[in-house]
Every structure is written in structure tokens, then in C-alpha cells.
Amino acid sequence: MNTAVAARRRRTRVRVEGTVQGVGFRPYVYRLAGDLGLVGYVLNDERGVLLEVEGTDPDVARFLERLGREAPPLAVLERILCEEREPLGAGSFEIRDSARAGAADVPVSPDTATCADCLRELFDAADRRFRYPFINCTNCGPRFTIVRSVPYDRPLTTMAGFVMCGRCQAEYEDPGHRRFHAQPNACPACGPSLSLLDGAGQPLCLGGARDAVAATAELLRRGRIVAVKGIGGYHFACLARDHAAVAELRARKHREDKPFALMAGDLHAAARLVEIGPAERRLLTAPARPIVLAPRRRNAPVAPAVAPRAPELGVMLPYSPLHHLLLADVGQPLVMTSGNVSDEPIAYRDEDALARLAGIADAFLVHNRPIETRTDDSVVRVRGARTAVHRRSRGYAPASIPLPGAGTPLPLLACGAELKNTFCVGKGTRAWVSHHIGDLENYETLRSFIAGIEHFQRLFDVTPRVLAYDLHPEYLATKYALERPGVALVGVQHHHAHLAACLAEHGQAGPAVGAIFDGTGYGSDGSIWGGEILYGSIHDFTRVGHLLPVRLPGGAQAVRAPWRMACAWLLASGIEPPAAWQPIARLARSGLASPWTTSVGRLFDAVAALLGVRSEINYEGQAAIELEAACDPREQGWYPMPVHDGGEGLTIDPRETILAVAADVERGAPAGAVASRFHRGLARATATACARAAAQMRCDVVVLSGGAFSNRRLLEWTTSELRAAAVRVLVPERLPPGDGGISYGQAAVAAARIGAAVRSDEARDTDNAVSF
């Protein structure tokens, strides 16, 4: 009887959803089935991986038990569905060709850093891929930046034009090899190749150099600037410690102060630049290989112009074979900054790079593998025991993020904001937030935005029937949404999108109180918001408080000139501004070209200018960043900043703070103490306002989001105050707190509103442009 039970055959069909294509999942299933003596098949399709296994009941059970537990490191399994089938009898286990019969619904894997096995081969003189800059396997290499459509198979990638040689084809077809079905598989005999070109695009030869990488390293050692084509676009590279080269790069690129990113050859080299703890070590060596912001060492061997006045450096480790070779040959850290002219998107097409970057780069290290999607490096920072994402792009995009609840009943597109733009497509319970697009302030970036949307629509088979957009009528993303025909339109207030993004990321619908602080957002009343206390859910919100409004003298000019905001706040606080500021004081008093604003970002600008830290800026957020850097962490005092409870809600009133700052500056108080007292005072006031609103609304959840909460001190000190008040705090983790997370928040709001309309039978004809 027991023998009969043990011998009973079973056949099970298994549907695996998640990031399971391009990560070695089919070869893994093949080997697992072989280990257990099972027959059947596995294939890729538009939903993920489909397989059937047949064998004895215990063996099939063991297969199902191990399937998720032992999956490849790059696989992300979201759901495993099983269905019992009739056994077919004898046979073998095979990997079948990909099938596509319906709408694509499979995540695409992000690009992944070179694995340890490939690195060993890369530097092994006896290996046939020795110093081959495009080495990869199923555990590493390009994915998102080369894929054109799904399923993820070679003909649907930019590797389609490279026909594998016999040896590579044998590896590709060998289930026991780690390059089994590795779509970018190649070698020097059959794959992409490098070329070194001069500034005019002509071949450049250096005598004695064994290859293009070695020649590039020699140019860098001579102080040259080289445009290097990487995974997602071009970088400008130069020696990090070469004062003249770094200064020349700044001058040519028209980037006056914004810090440059650095690439170090390994952890040991990175540790000479920045302070590395266990969390930083984990991020630096993770498959995503982001730029990690970390405290700079006092004697870090970098030129002062790399990151002027910045207490942190942004450091990353090599993530492609080309980078590993280049850093090994140079033997010291490199500046590795985006290959663009300031405010333009990075170059990724060779012809465009040669045309746009020729006045900046002395030479070009190029290759002939096309890049399908330009993708900037991601930027992260350690925040306590967690990671704060400042820019989500290469290594993270386009991994899907769940939409809360039932998701969206209609496919949608959320267009994001103007600055630090991302867009987001969604269907069902999944949302795909794009890579970093940039500031939508010129035609090149707008063109990148539109091309990215079209690519995501193809990649994830999303034909939007709903478009979500920011309420600001002059945003290019908003104009794009309003001009697109045949869709339902969902306008989402800027700060509500921040609140919704954080709630949705944590799988919550609300309600919650939210302190949403940033530089600029179009308010529901048409004024400029930026220091908001909201109460709401992903569906809707109420404004229950805000920063005291002041004038924004000169409008956008005040954003670039923090001293104008100092003038406005002095006036609001009853202090007559200096004589040199009187023309702007008169402008503010008149209200002409001086709208009201509640922006916390502009409050930071004002204090930075009063303190003499920064009166004019060269990049967005510079004054606030430098004010945070000026803080003396030993200072425990704070400036008073009362919270008033009036008929129109709570008001955070910084006028006493401005008076105290002005008095301390007049007395010659240390800048570090003044900066720290300001941060602590704002944190206490924010926590007081949130706790008071939470008590009034009988709510115990507070969201802290918006670009101002990229400030580590403000975030940590506000969080500490709120937790002391027994309030649960949610902050963005997978997405940036700034405008890079707006599109996901818009998608969450649109999904909630449409879902509610459908459930209440109030949905209207979505072939017409209607608002929810």
C-alpha cells in the first residue's frame, strides 16, 4: 500500500509571476527538475514563466517546496500558481521556445552589476574572455537598457545584430552552463567591440597600448577628459585628484558647483574617499551598484572642485566589465559624471554623443552595442537602518511596485512633475515607475520623456485609458497629458501625490496626516504651496495646515536668488532689510510679480542667505544642501517656531526664528550653531503640527515626504520628535521623497478614484476626456 502511494504519479502546471525573465530562471527550473528526476517543460511567455512537472507525488512536492526558496539571486517571485493536470507518462524535461499569445504582464529585470564569476574570467589571462568588456551571464549584465520588447529573448534586444559563434552558442544551449539562455552572451569573436575616437570622431591610436581601454587609461593619466559609453549612456571621466582636469570639466560642462560622482575601483579605494559602514558597504556592492552618498574623509584624495563645500561625496563601484577594466588600468578613482551639457539628458546614441559632447570630451571610448533606453545612475544614502533613495534609475528601474488594494481597473499613465521627472504606467495591481528623466525644461528632455513613455507602453503592453497629471497648467508633462486624445483625465494636486506615493509604497490607503515640504507645488487654490500639513488618503485630502505665507519677490527669480527670500522673510518678521535690498523690499510690499508662497524650500533659502551660506544658487536645492552641511551636530538648542491654530487650520510661524537668526548673525554666532538651531526648531514645529493634526483627526499615522525631507537632519530630528509623541511615521523608501516619486503617487490616486467610481457604478465613458 505504501509502495503504491509512493509510486503515484502527479503532474502540476505552475505559473510563476514576477521578475523571472533574463535572470536564469528557466535554466534553474531545468536543473531542479533534473535533480529530482522530473519530466515536463518550462517556457517564457507574456506573463512570466510557465512550466509543468511530472513525477512521483513526493518528488513533485519537493520541487514545489524548493522552487521559490532556491530561486536565482536576481529573480523576484511575486506569485506562484499551481494547477493539477493529468499525468502524460514517460518523457524528458525541456526548455521550450518562448510563447506570446496575450498582453505582456511580466516585469523586466533591471541592469545588474558584473558577477564574481565573470570578473574572475575577465582578469584570467588564460580565459577566452580575458579583458573582454562585454562579458556577462545569466546572473549579471545589461537587461533593461538593451531590451526592446518581451519576452526577454535575444531577437528582442539590441544584441539581435550579433550572431553567436559556435562556442558561445554551445554555452547558450548547455543547461549546465551559467550562460544557458543568457541573451547578451558574446565573446571577442562574435560580440560587441570597443573603439577609441578623438574629438572629431576619428580613430585614435596610442603607441604601446594593448587595447582601447588601456589607451583610454593612458589619456586619463595625462589629464584628459574622456566620454565613456557605458550601460545606459555616456559618462565624462577624468582623474578625481587632478585639479586641472576637474576644473576644466566644470568649465566645459557649464556645471559650476553641483558635485560630481566618483567611481572607485573597489571597497578599499572607496574607503579612502568616504566613511563606509556596514550599510554603505552593502549598497556599494549590491547588484544595483548605485551612487552612495557618504561622509567624505578629511584627507580624501580628490580635487576640491569635485564637490565644493559638500560634506559628502557620491561614490560608486564599477558595475560593468568595461568599468572594471578601466579602473584597474588607471589605478585610482575617477570622476564619472553624466555625459551631457548641464540641464540636458545624458547622451546615449553615438552620433548624438559625438555632436553634443565634442566640445567637452578630448576623446570618446565607444562601443557598437546599441543602448535602447538611456538610464542615469541611481543615487542613494544610508538613513539609520534603512536606505533613502534620492534618484531611482539604473539598477532599480523598471522593477514594478504594487498598487495598493485592488489596483486599477483601467490601464493608466501618470505623467509626473516638472523637475526630476519620472512617469509611471500601471495596470492591474502593478505600477512601473520609469527611470529618471530629468527636468522637463527643454526640448531634448521632453523628447526623452515622450520616447520613454512610448517604450514603456510597448514593453509592458499598456495602452492607457486614463492619464494622471499635475495641476500646474504650465508643466510640460501636464500639457502632454491634456493634449493626448481619447483618455480620461485625473488631475492630482502636487502635495497630495507626495502623500499618496508614500502611503501606497507602504501598502496603505490611509488616512494619515502628512507633512509635505518642498520648494514649489501648484496648490488647489492656485497659489504656490510647499509647506503643507495634509490629512487624507490615496483617494483625497484636506489641507489642515501650512507654513506662514510670505511673498516670493520676482517669482522664479527668487528661486535662483535666496537673498530675495531673506528680504521677504525679514519684512514678514518686522525687520527692515538692508539698503541694498530695498528695491526687492518695495517689490515684495507691492505684491507685483510677488505671489504668496508657503514653501519650506524658500524658508531654507532665506536662512542660508541670512547666514551668509548662499545668496545665489547654481543648481536646484543648493542653498538648503549647504545649510544642512553647515550644521554643527553638537548644538542641541533650537529656535522658537510656534504653531498657531486658527480658523483656517494650523499655521507654522517662523517669524520668531527669523528674528533669532538675524540677532545671532549680528552677534557673530557660529554658523554651525545657527544652522543647527534652525533645523531643530523646524523639526520641533513640524512634529508639533503633525501631532496636533493627528490628535484632531484621531489618526496615529504621519507621512513625511517632499524634497525638503531629503535633508537628513530635518528628517531624523522630526521623526525622533514624532516617535516620542507615540505617532507612527512613514517615509519614502523605494522611491525618492522628492518629485521623482510624484508619478507613482499620481498613479495611486488615479487608481483609487477610478476604482471607487467603478465600484459605485458611476464610471462614465472613458473613451471621452472626463475628470474623476
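Below is a summary of the structure that appears in this document. Bear in mind the structure is a predicted one, so any value in this text is a computation, not a measurement.

Here the focus is the sheet that holds strand β18 (residues 424-428). Backbone-to-backbone hydrogen bonds join strands into a sheet, with any given pair of strands oriented parallel or antiparallel. Here we have six strands laid out as an open sheet, ordered β16-β19-β18-β17-β20-β21, and mixed in their pairing. Two strands bound the open sheet, and with one partner strand each, they are β16 (401-402) and β21 (488-492). Direction of pairing for strand β20 (residues 466-470) relative to β21: parallel, over a ladder of five bridges. Counted as the bridge partner of Val-466 is Ala-488 from β21. The sheet strands contacting helix α13 (residues 476-483) are β17 (408-414), β20 and β21, and the helix crosses β20 at an angle near 150°. Here helix α23 (residues 742-759) sits on the sheet in contact with β16, β17, β18, β19 (430-433), β20 and β21, set at roughly 150° to β17.

Bringing the sheet that holds strand β9 (residues 261-263) into the picture now. Ordered by their spatial adjacency, 10 strands build an open sheet running β6-β13-β7-β8-β12-β9-β11-β10-β14-β15, and the pairing between neighbours is mixed. Only two strands of the sheet have a single partner each, and these edge strands are β6 (194-198) and β15 (386-391). The average undirected angle you get between the axes of adjacent strands in this sheet is 35°. Relative to strand β14 (residues 379-383), strand β10 (residues 291-295) runs parallel, the two sharing three bridges.

Evaluation of the coordinates by the stated rule reveals 54 salt bridges. In this structure, Asp-57 engages Arg-10 in a salt bridge whose closest nitrogen and oxygen atoms are separated by 3.1 Å. Residue Asp-57 is located in helix α3 (residues 57-69), and its partner Arg-10 is located in strand β1 (residues 9-19); the two are separated by 47 residues in the primary sequence. Look at Asp-57 and you get buried, because its relative accessible area is 19%. For Arg-10, a relative accessible area of 17% corresponds to the buried category.

What follows is about unusual backbone geometry. Ala-397 connects to Pro-398 through a cis peptide bond whose omega is 5°. Checked against the element boundaries, Pro-398 lands in the loop between β15 and β16. Going from Gly-510 to Pro-511, the amide bond is cis rather than trans, its omega being 10°. Considering the arrangement of structural elements, one finds Pro-511 in the loop between α14 (494-505) and β22 (512-522). Phi is positive for Ala-726, which is not a glycine, with a value near 60°. Summarising the element assignment, Ala-726 is placed in the loop between α22 (712-724) and β30 (728-730).

What follows is about the packing of aromatic side chains. For the structure on display, the rule yields 13 aromatic pairs. Between Phe-423 and Phe-449, the ring centres sit 6.2 Å apart and the planes meet at 80°, which makes this aromatic pair edge-to-face. Note that Phe-423 is positioned in the loop between β17 and β18 and Phe-449 in helix α12 (residues 443-459), a separation of 26 residues in sequence. You'll find Phe-423 and Phe-449 in the same group, each marked buried. Ring geometry for Trp-432 and Phe-460: centres 4.4 Å apart, planes at 15°, overall stacked. Residue Trp-432 is located in strand β19, and its partner Phe-460 is located in the loop between α12 and β20; the two are separated by 28 residues in the primary sequence. An aromatic cluster is defined as three or more aromatic residues linked by ring pairs; in this entry it consists of Phe-144, Phe-423, Trp-432, Phe-449, Phe-456, Phe-460 and Tyr-480.

Attention shifts here to the packing of α12 against α13. At a minimum axis separation of 11 Å, α12 and α13 run at an interaxial angle of 45°. With respect to α13, the axis of α12 lies oblique. Judged by the twist between their axes, the crossing of α12 over α13 is right-handed. From α12, Leu-446, Phe-449, Ile-450 and Ile-453 reach across to α13, where they touch Leu-476, Ala-477 and Tyr-480. The class makeup of the residues in the contact of α12 with α13 is seven nonpolar, no polar and no charged.

This paragraph deals with α13. Count 3.6 residues to each turn of an α-helix, and residues three or four apart come out pointing the same way. When α13 is considered as a whole, its buried residues turn out to be Ala-477, Thr-478, Tyr-480 and Ala-481. For α13, the buried positions fall inside an angular range of 160° around the axis, keeping them on one side. Along its buried surface, α13 packs onto β17, α12, β20 and β21.

This part takes up the state of the cysteines. Taken as a whole and assessed by the stated rule, the structure comprises zero disulfides. Considering cysteine sulfurs only, Cys-168 is the nearest to Cys-187, which forms no disulfide, with 3.6 Å between them. Assessed through its relative accessible area of 2%, Cys-187 is described here as buried.

Between helix α2 (residues 25-35) and α3, the shortest axis-to-axis distance is 10 Å and the interhelical angle comes to 150°. When the axis of α2 is compared with that of α3, the two are roughly antiparallel. As α2 runs across α3, the sense of the crossing is right-handed. Seen from α2, the contacting residues are Phe-25, Tyr-28, Val-29, Leu-32, Ala-33 and Asp-35; seen from α3, they are Phe-63, Arg-66 and Leu-67. Here the contact of α2 with α3 is composed, by residue class, of seven nonpolar, no polar and two charged.

Take the layout of surface pockets next. In this structure, the second largest pocket occupies an estimated 650 Å³ of space. Lining the second largest pocket are 25 residues; nearest its centre among them are Pro-110, Ala-288, Gly-395, Tyr-396 and Ala-399. Contributions of two or more residues to the lining of the second largest pocket are made by β4 (76-85), α9 (278-284) and β15. At three residues, β15 tops the list of elements feeding residues into the lining of the second largest pocket.

The rules behind the values
- Residues numbered from 1 in each chain as written.
- Predicted model: local features only at pLDDT ≥ 70, side-chain atom pairs only at ≥ 80, totals over all residues.
- Heavy atoms only, no water.
- Pairing = 2+ DSSP bridges.
- Helix = DSSP H or I, 4+ residues; strand = E, 2+ residues; numbered from the N terminus.
- Contact = heavy atoms within 4.5 Å.
- Axes fitted to C-alpha atoms, helices over the stretch in contact; angles between N-to-C directions.
- Salt bridge = Lys/Arg side-chain N within 4 Å of Asp/Glu carboxyl O.
- Buried < 20%, exposed > 50% of the residue type's maximum accessible area, 1.4 Å probe, protein only.
- Phe/Tyr/Trp six-rings, centres within 6.5 Å; stacked < 30°, edge-to-face > 60°.
- Parallel < 35°, antiparallel > 145°, perpendicular 65-115°, else oblique.
- Left-handed = near helix turned anticlockwise from the far one by under 90°.
- Nonpolar A, V, L, I, M, F, W, Y, C, P; charged D, E, K, R; others polar.
- Arc of directions from axis to C-beta.
- Disulfide = S-S within 2.5 Å.
- 1 Å grid on protein atoms, 1.4 Å probe; cavity = no way out; pocket = protein on both sides within 12 Å on 5 of 7 lines; lining within 4 Å.
- Points joined across faces, edges and corners; volume = space filled by probe spheres on them.

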